[in-house]
Amino acid sequence: MELINRNDVSLGLAPFDTLGFKSEEELNLEISKLIRTRNEFETKTKVISN
């Protein structure tokens, strides 16, 4: 088996500017958008397919 050395950036370790954000608040806003529950799941409406 061949071992490969890689230097990947972890989201938990990289500063916000390295990730392409202007501030930590901007990064936090984008993260909150990603983890927000979609309306379809919050209202528990049934989806009817034909």
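One can find the structure itself at the top, above this paragraph.
Values in this document were obtained by computation on a predicted structure and should not be read as measured data.

**Q** Kindly report on the overall build of the protein, identifying the contributing residues and their values.
**A** Within the protein, the regular secondary structure consists of two helices and zero strands. A buried classification covers 4% of the 50 residues belonging to the protein. Taken as a whole, the protein presents about 5,400 Å² of accessible surface, with 53% of it coming from carbon and sulfur.

**Q** Could you give me a rundown of a nonpolar patch on the surface, with the residues and numbers involved?
**A** Together, Ile31, Leu34 and Ile35 give the surface a local cluster of nonpolar side chains, amounting to about 360 Å² of exposed area. Along the polypeptide, leucine 34 turns up in helix α1 (residues 24–35).

**Q** Which residues make up the environment of serine 23, and what values go with them?
**A** Assignment of secondary structure puts serine 23 in the segment before α1. Only 3.1 Å separates the side chain of serine 23 from the backbone nitrogen of glutamate 26, close enough to count as a polar contact.

Reading the values: rules and limits
- Residues numbered from 1 in each chain as written.
- Predicted model: local features only at pLDDT ≥ 70, side-chain atom pairs only at ≥ 80, totals over all residues.
- Heavy atoms only, no water.
- Helix = DSSP H or I, 4+ residues; strand = E, 2+ residues; numbered from the N terminus.
- Buried < 20%, exposed > 50% of the residue type's maximum accessible area, 1.4 Å probe, protein only.
- Areas by Shrake-Rupley, 256 points an atom, 1.4 Å probe, with all protein chains shown as cover.
- Patch = residues over 30% accessible without salt bridge, like charges linked within 9 Å, V, L, I, M, F, W, Y side chains within 5 Å.
- Salt bridge = Lys/Arg side-chain N within 4 Å of Asp/Glu carboxyl O.
- Polar contact = N/O pair within 3.5 Å; in protein donor to acceptor, adjacent residues only side chain to side chain.

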